[in-house]
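Descriptive structure summary
Listed below are the residues making up each chain.
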Amino acid sequence: MAVNVKESEEIGILQSNQVMLQTTHIPGNSYSCSPSTPRTTRVERLLRDRELRKINKVFSLPEVARDFNRDPELFGNDQILSDPENCGLFNEEEFLEGLVGCEKQNGQSSKQRLLVVANRLPVSAVRKGEDSWQLEISVGGLVSALLGVKEFDARWIGWAGVNVPDEIGQKALTKALAEKRCIPVFLDEEIVHQYYNGYCNNILWPLFHYLGLPQEDRLATTRSFQSQFDAYKKANQMFADVVNQHYQEGDVVWCHDYHLMFLPKCLKEYNNKMKVGWFLHTPFPSSEIHRTLPSRSELLRSVLAADLVGFHTYDYARHFVSACTRILGLEGTPEGVEDQGKLTRVAAFPIGIDSDRFIRALELPQVQEDIKELKARFAGRKVMLGVDRLDMIKGIPQKILAFEKFLEENPDWRDKVVLLQIAVPTRTDVPDYQRLTSQVHEIVGRINGRFGTLTAVPLHHLDRSLDFHALCALYAVTDVALVTSLRDGMNLVSYEFVACQASKKGVLILSEFAGAAQSLGAGAVLVNPWNITEVAASIGYALNMLADEREKRHQHNFMHVTTHTSQEWAATFVSELNDTIVEAQLRTSKIPPVLPIKAAVDRYLQSSNRLLILGFNATLTEPGDILGRRGGQIRDMELKLHPELKEPLKKLCDDPNTTIIVLSGSDRSVLDDNFGDYGIWLAAENGMFLRLTTGEWMTTMPESSTMDWVDSVKHVFEYFTERTPRSYFEHRETSLVWNYKYAVKTISDVEFGRLQARDMLQHLWTGPISNASVDVVQGSRSVEVRAVGVTKGAAIDRILGEIVHNKGMKAPIDYVLCIGHFLQKDEDIYTFFEPELPSEKPSLPRAKIPDPGRTYAPKFSNCRSASKAHLRKQRSLSILERRASNFGSVGGWRPIVHDRMSVYEGSSVLDLKGDNYFSCAVARKRSSARYLLGSSDDVVGLLKELAECSTAS
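Thresholds, definitions, all that
- Residues numbered from 1 in each chain as written.
- Predicted model: local features only at pLDDT ≥ 70, side-chain atom pairs only at ≥ 80, totals over all residues.
- Heavy atoms only, no water.
- UniProt positions renumbered as here; feature names shortened; annotations may be inferred.
- Helix = DSSP H or I, 4+ residues; strand = E, 2+ residues; numbered from the N terminus.
- Buried < 20%, exposed > 50% of the residue type's maximum accessible area, 1.4 Å probe, protein only.
- Contact = heavy atoms within 4.5 Å.
- Areas by Shrake-Rupley, 256 points an atom, 1.4 Å probe, with all protein chains shown as cover.
- pLDDT = per-residue confidence, 0-100.
- Pairing = 2+ DSSP bridges.
- Axes fitted to C-alpha atoms, helices over the stretch in contact; angles between N-to-C directions.
- Parallel < 35°, antiparallel > 145°, perpendicular 65-115°, else oblique.
- Left-handed = near helix turned anticlockwise from the far one by under 90°.
- Nonpolar A, V, L, I, M, F, W, Y, C, P; charged D, E, K, R; others polar.
- Polar contact = N/O pair within 3.5 Å; in protein donor to acceptor, adjacent residues only side chain to side chain.
- Salt bridge = Lys/Arg side-chain N within 4 Å of Asp/Glu carboxyl O.
- Phe/Tyr/Trp six-rings, centres within 6.5 Å; stacked < 30°, edge-to-face > 60°.
- Lys NZ or Arg CZ within 6 Å of the ring centre and 35° of its normal.
- Core = buried A, V, L, I, M, F, W, Y, C linked by side-chain atoms within 4.5 Å.
- Expected span 1.5 Å × (residues − 1).
- Arc of directions from axis to C-beta.

Under the annotation held in an unreviewed UniProt entry, the chain carries the name alpha,alpha-trehalose-phosphate synthase (UDP-forming) and is attributed to Tripterygium wilfordii. Turning to the chain, the UniProt annotation filed under Catalytic activity (unreviewed entry) states: "D-glucose 6-phosphate + UDP-alpha-D-glucose = alpha,alpha-trehalose 6-phosphate + UDP + H(+)".

Below you can see the structure in the form of structure tokens.
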């Protein structure tokens, strides 16, 4: 992104971080060096960007370009009050000038491009001939917002709202729209019907507003659901295709609303480095509502492909994160949602309005004339105002019923107050909306019949929209504004009312179910619109409110509305999106790269004595569904070797130059059942038990280890197993493991399982293990208590010595491949063989850079010889003890101390070069391993290639 001179100094630190990422990245986690240059925090960078935006506001937009009319289709289900005929007042040249902003200032023409992708373009197109179109700008709140963001060159991508089946018409419309900096997506009538009218308006919109899935003709709806969903995905892919055609490296792509929930995934599949943000302009429902949607998981995962996901309020963001944790089983963090190290940032960005536009409009002669006329018309009466779409979620019936109750209980006010209700018709062809209209008209007629006179009625109801100037005048004369939405994404009518109240300082009665309640709640009178009695009482409170309180409430809301403008909203979102990318790059620099399989295989071929160390669970087993529905809990608990690994393992075991160790946390019986037919070394319970499949089990547990703590811990585990449905615990010989993996398979119990684990840890630390020599290891959904020193890294020291002795190994081990899905506590095995170079500067972070031609010996945390200058270090093997002949006992067996084996030196045969060691974590992105593999299927592919090499050689 090009920057001006003023900005360059401010963002120097940020640029230096980006350069560092490009120049110092070295594949392999063990060789990555953390940047030593201090860098600013995310909050500091965002605050700095905010100050820069204030400075850059010296360039103001043309006033006429701000005076836009709002379009019913544009994002804001609250912003549909304009008269389309008023679009003729709009100056298109100044609109384009506003979009381009200051692009050519100081001779600079390059800016970061912003591709705004929405269902509808901010234009209305009318065909005048075979190759000619008439376009009218119909600007909504989003366009108005982006006009104030001068740091970006905005392009609009969306559907023009018309069907253009012929190529000539498409080319002509594309050319005409290009002059308006718009790019069309052409959707045919069938796609529009299934995608827009069907899935978007009939499924997603009601669900997101807590109306639920369609109730009538449920079976027919279920049958048509799949076709609507397929059309939805197809339409999103068509949007993605157009974006991909016009995308340039460095562009920011901002996707909008529930119409395009699949778009982030489509874009990331095309280009994973694309900067993608997604913003929802409606509420996001609680997870209990969202889980009823048949396509719930697909939509969530598609949105999570974006780098930044934005909502109007914290509640909506919290609901989204909760849905991801409960439905997808992912981890929610304060920053967002994390999936295998990939963090999707989730945050609240309350939208605003262009408040200056409303404030300036009040000074226009036309508006002043309208204000005088309205004051004369309603002289001596308090004016209450409601401005809504005639929609189920707007709570119009509840509002007028509350007004009726107020008149019933306060007869003195019947000729002193008037309610003006502007109800803009929408979806007039839908039966539900037709019934709503009839219901509203019936109530209005009843109220005016009961409390009206020949000369005046208490309720004026208009089924139409008002032009911008008339609306501003109406806002200005209003004493009390009534916003009683049953569910609303934000509702900017409340913002517009506040902006026009500098003189009157009226009272805002606001539904607590509108998103605006979180922003304007302190200055408004909040109500539950379903509680008619409460709303009626609030009307009386507002009408009788003292001037001093009205002043304080107004000032609070006015300050918020004029500060948190739509321009500030857009600039903040794009700024955070850019910063999220920087944070992701910094995190990615610490994530190991994918295993270079070709290099691993080539090194394998070139070596003569190889050691393969393989984990078992999630490494050599078949991958299971994260929600456990494919085979169920019982099947998943029975760990089975991946069926495609049987032949490759046999070939590798038959290779005399290859030694294989299966190192697992599982008990011995599990490994015996799966690997009894292979000539392989088995290391059970994190390496505390060892045997060659042709021999007996031996223990490598240190002689000093005790298991006196087992019984007391077992009682705690039993207690929490009873309290947590579908949880279980395993009693192993060196540890106890409580697993609540399946307690979260019921979707709604993710948080419950974590709370239970937290409660268990408190019980353990304050009781059974407070003075015991144990380690507590927390997995993603498990708690393990094991004796101190029981780790895979500690065990491999002893295991290797026994294998060297048993095989009489003379040739040096010159190749090591270590693969597993290990807990963080056990990842010391990855660093066990890691080459270590003498530190040149102890004060700097350690950076290990392998020399392909140099020979290294493994490092050992407990056996270093500081006096030796050479790198190869001798290690001693801890005592190996043969297991007793009684293998049936689980908890009562203890190592037999008198049957000891000699001490063997395993490191003496190691001749490991830096590039002949491959440590690899499976399905984990946070790891101390050098490399990553996605799943056990990838492990299968790797071992198949190695097996073919063994056969060929």
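**A closer look at the overall build of the chain**
Each helix and strand counted, the chain has 32 helices and 32 strands in total. Taken over 953 residues, the chain has a buried fraction of 55%. Here the analysis covers contacts within the chain between residues at least 6 apart in sequence; of these, 75% occur between residues at least 24 apart. Total accessible area computed for the chain in this model is approximately 40300 Å², and 50% of it derives from carbon and sulfur atoms.

**Thoughts on the confidence of the model for the chain**
Of all residues in the chain, 76% attain a pLDDT of 70 or more, and the chain-wide mean is 79. Here residues 58-109 scores under 50 on pLDDT; set against residues more than four positions off or in separate chains, the count is 137 contacts. The low-confidence segment residues 626-631 (pLDDT under 50) makes 18 contacts with residues lying over four places distant or belonging to another chain.

**Focus: unusual backbone geometry**
Positive phi outside glycine occurs at Y210, with the angle close to 65°. Mapped onto the elements of the fold, Y210 is located in the loop between α8 (189-208) and α9 (218-246).

**So, the sheet that holds strand β12 (residues 382-389)**
An order of β14-β13-β12-β15-β16-β17 is seen for the 6 strands of this open sheet, with the pairing classed as parallel. Edge positions in the sheet fall to β14 (459-462) and β17 (525-527), since each of these pairs with one other strand and no more. Neighbour to neighbour, the strand axes of the sheet diverge by 20° on average, direction disregarded. Judged from the 4 bridges that link them, strand β13 (residues 417-424) and β14 form a sheet pairing that is parallel. For L419, the partnering residue across the bridge sits in β14 and is L459. Each of β12 and β13 touches helix α18 (residues 468-477); the most contacted strand, β12, lies at about 140° to it.

**What about the packing of helix α12 (residues 296-304) against helix α13 (residues 314-327)?**
In contact at an axis separation of 11 Å, α12 and α13 are set at 120° when each is read in the N-to-C sense. Looking at the two axes, α12 sits oblique to α13. Note that α12 runs across α13; the crossing there is left-handed. Here R296, S297, L300, V303 and L304 of α12 lie close against α13, whose contacting residues are F320, A323, C324 and I327. Its residues assigned to classes, the contact of α12 with α13 comprises 7 nonpolar, 1 polar and 1 charged.

**Quick notes on the environment of T344**
Assignment of secondary structure puts T344 in strand β11 (residues 342-348). Its relative accessible area of 2% is what places T344 among the buried residues. Separated by 12 residues in sequence, T344 and G332 have C-alpha atoms that sit 9.8 Å apart. Excluding residues within four positions of it along the chain, T344 makes contact with L304, A306, D307, V309, E335, G336 and V337. In terms of polar contacts, T344 uses its side chain to reach the backbone carbonyl oxygen of L304, at 2.6 Å.

**Topic: the pattern of salt bridges**
By the definition in use, this model includes 38 salt bridges. A salt bridge links R113 to D251; its shortest N-O distance comes to 2.8 Å. Of this pair, R113 sits in strand β1 (residues 112-120) while D251 sits in the loop between α9 and β6 (252-256), and the two are 138 residues apart along the sequence. For R553, the salt bridge is made with E549, and the minimal N-O distance between the two is 3.0 Å. Note that R553 and E549 are positioned in helix α22 (residues 547-563) at a spacing of 4 residues, about one turn of the helix. Its relative accessible area of 19% is what places R553 among the buried residues. With relative accessibility at 25%, the residue E549 sits in the partly exposed group. Here the salt bridges share partners, and the residues they tie into one network are E404, E408, R446 and R450.

**Notes on the sheet that holds strand β23 (residues 728-731)**
Backbone hydrogen bonds hold the strands of a sheet together, and the pairing may be parallel or antiparallel. Pairing within the open sheet is antiparallel, and its 4 strands lie in the order β23-β24-β26-β25. Two strands in the sheet have a free side with no partner beyond their single neighbour: β23 and β25 (774-778). Neighbour-to-neighbour, the strand axes of this sheet turn through a mean angle of 15°, independent of strand direction. With 5 bridges connecting them, strand β24 (residues 735-739) and strand β26 (residues 782-787) associate as antiparallel partners. Note on β26: the bridge partner recorded for V737 is E784. Strands in contact with helix α28 (residues 710-723) are β23, β24 and β26; relative to β24, the strand with the most contacts, it is inclined by about 10°.

**Some points on the packing of aromatic side chains**
Two aromatic rings, taken as a pair, are described by how far apart their centres are and by the angle between their planes. As enumerated under the stated definition, the model contains 31 aromatic pairs in all. With a centroid separation of 5.9 Å and an interplanar angle of 40°, the aromatic rings of Y195 and Y232 are classed as tilted. With Y195 in helix α8 and Y232 in helix α9, the pair connects residues that are 37 residues apart, well separated along the chain. Assigned by exposure class, Y195 and Y232 land together as buried. The rings of Y195, Y199, F225, F229, Y232 and F262 are connected pair by pair, giving a single aromatic cluster. A cation over an aromatic ring shows up here: R487 above the ring of Y210, its NZ or CZ 3.7 Å from the ring centre. A cation sits over an aromatic face here: R610 above Y604, 4.1 Å from the ring centre.

**Regarding the nonpolar core**
Grouped together as the largest cluster of nonpolar side chains are 74 residues, with contacts concentrated most on W254, Y475, L508 and L510. In terms of residues, this core owes the most to one element, α18, which gives 8 residues. Beyond its immediate sequence surroundings of up to four residues, W254 is in contact with L114, L115, V116, V117, L146, G277, F279, W569, A570, F573 and V574. Counting residues in each nonpolar core, the second largest holds 71 residues, with L611, C653, L690 and I813 among its members.

**Regarding helix α7 (residues 167-178)**
The terminal C-alpha atoms of α7, which comprises 12 residues, lie 16 Å apart, in line with the 16 Å expected from a rise of 1.5 Å per residue. Buried within α7 we find G169, A172, L173, A176 and L177. What you see down the axis of α7 is that its buried residues fit within an arc of 130°, all on one side. Every exposed residue of α7 that faces more than 90 degrees away from the buried side is listed here: E167, K171 and K175.

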